[in-house]
Amino acid sequence: MLRKQGMKRSMPRFDIIGQLGSLRRYARSLTRDSADAEDLVHDALVRAYERRGTFRSGANLRAWLLSIVHNAFVDRMRSRRSEAMRIEQAGYLADAATPAPQEHSVRLAQVRDAFFNLPEEQRSALHLVAIEGLSYQQAANATGVPLGTLMSRIGRARAALRQMEDAAPARGRNHLSIVGGEP
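Everything numeric in this text was worked out from a predicted model, so none of it was measured. Counting starts from 1 at the beginning of each chain's written sequence and moves along it residue by residue. Local features are withheld for residues below a pLDDT of 70 in this predicted model, meaning they are given only at 70 or higher, and side-chain atom pairs are given and counted only at 80 or more; totals for whole chains, interfaces and linings count all residues. Hydrogens and water are ignored here; the side-chain numbers use all heavy atoms of the structure.

Some points on the pattern of salt bridges
When the charged atoms of two side chains lie near each other, side chains of opposite charge can form a pair.
Right, so step 1: The term salt bridge refers to a pairing of a side-chain nitrogen on Lys or Arg with a carboxyl oxygen on Asp or Glu at a separation within 4 Å. Evaluation of the coordinates by the stated rule reveals six salt bridges.
Right, so step 2: Two residues, Asp43 and Arg76, come together in a salt bridge whose shortest N-O distance is 2.7 Å. Taken as a pair, Asp43 in helix H3 (residues 34–50) and Arg76 in helix H4 (residues 61–93) lie far apart in primary sequence, 33 residues in all.
Right, so step 3: On the basis of relative accessible area, Asp43 is assigned to the partly exposed category, the value being 31%.
Right, so step 4: The residue Asp75 makes a salt bridge to Arg78 at a minimum N-O spacing of 4.0 Å. Pair noted here: Asp75 and Arg78 are both in helix H4, with a separation of three residues, about one helical turn.
Right, so step 5: Look at the salt bridges and you will find they share partners, linking Arg47, Asp75 and Arg78 into a network. Numbering of helices and strands runs from the N terminus; a helix is a DSSP stretch of H or I covering at least four residues, while a strand is a stretch of E covering at least two. Burial classes: relative accessible area under 20% of the type maximum marks a residue as buried, over 50% as exposed, and values in between as partly exposed (1.4 Å probe, protein chains only).

Written out as structure tokens, the structure is:
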């Protein structure tokens, strides 16, 4: 019993309820936003609780907590600036002009349709090898067919897709008609 009481006395009282008003006001003045201020106070209280052992007995609890709020705010600002710089740098890395995605989307839709129009056994074989990355032997085992049969199916599937590619209009030309005007 004496031992427990002695342990309780060695740990300073950590009562922050009376400090919440000051913490919220300070956080609000730093963030200029009520929701951000509440988040900041929450983060600061979590830090304070995790580091409660560093609080010196007899020290000013309010000042200690306000310094934690301040440091949490500074950390957030640094993190946001760092993130903004990363985003800005990523913008420099991206091409200044990006071609319109419509033609690419149309082309992908055509390839997808051609793939789905392949016979099931050709589509299955090509999918396992080209998309899933299985070796021919692994794909043959997965479909339960001999290796030669699988290779023949993949060859026929590729030939059908190549034929579709050869039949497609040249890429650089405009394939759309202008309504009410001249092409």
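Anyway, onward from the coordinates.
Some thoughts on the side chain of Thr31
Right, so step 1: For Thr31, the position within the fold is in helix H2 (residues 20–31).
Right, so step 2: Thr31 gets classed as buried once you look at its relative accessible area, which sits at 16%.
Right, so step 3: Any two residues whose heavy atoms approach within 4.5 Å at even a single point are treated as in contact. Here Thr31 is in contact with Asp36, Ala37, Leu40 and Phe73, once residues within four sequence places are set aside.

Digging into unusual backbone geometry
Right, so step 1: Phi is positive for Arg32, which is not a glycine, with a value near 60°.
Right, so step 2: Topologically, Arg32 is positioned in the loop between H2 and H3.
Right, so step 3: On the basis of relative accessibility, which here comes to 75%, the residue Arg32 falls in the exposed class.

Thoughts on the packing of helix H5 (residues 101–116) against helix H8 (residues 147–167)
Right, so step 1: Think of each axis as a best-fit line through the C-alpha atoms, taken over the contacting stretch in the case of a helix, with angles from 0 to 180 degrees between the N-to-C directions. Direction vectors running N to C along H5 and H8 enclose 145°, while the axes themselves pass 10 Å from each other. Along this stretch, H5 crosses H8, giving a crossing that reads as right-handed. Across the interface between the two elements, Arg107, Gln110, Val111, Ala114 and Phe115 of H5 pack against Leu161, Met164 and Glu165 of H8.
Right, so step 2: Of the residues that constitute the contact of H5 with H8, the class distribution is five nonpolar, one polar and two charged. Working rule for handedness: look at the near helix, and if it is turned counterclockwise from the far one by less than a right angle, call the crossing left-handed; if clockwise, right-handed. When residues are grouped by polarity, Ala, Val, Leu, Ile, Met, Phe, Trp, Tyr, Cys and Pro land in nonpolar, Asp, Glu, Lys and Arg in charged, and all others, Gly among them, in polar.

A few points about the confidence of the model for the chain
One rule of thumb: low pLDDT means the predicted coordinates there are not for detailed reading.
Right, so step 1: On average, residues of the chain carry a pLDDT of 82, and 79% of them reach 70 or more.
Right, so step 2: Confidence scores differ between elements of the chain, with helix H1 (residues 2–10) showing the lowest mean pLDDT of 46 and H3 the highest of 95.
Right, so step 3: Ignoring residues within four places in sequence, the model shows residues 171–183, a span with pLDDT below 50, making six contacts including any to other chains. Scored from 0 to 100, pLDDT records how confident the predictor is in each individual residue.

Describing the nonpolar core
Right, so step 1: Formed by 19 residues in total, the largest nonpolar core has its most connected members in Leu23, Ala27, Leu40, Leu61, Trp64, Leu65 and Val69.
Right, so step 2: Those elements that provide at least two residues to this core are H2, H3 and H4.
Right, so step 3: No other element matches H4, which puts eight residues into this core.
Right, so step 4: If sequence neighbours within four positions are ignored, Val69 has contacts with Leu23, Tyr26, Ala27, Leu30, Leu40 and Ala44. In plain words, nonpolar cores are sets of buried Ala, Val, Leu, Ile, Met, Phe, Trp, Tyr and Cys residues tied together by side-chain atoms within 4.5 Å.

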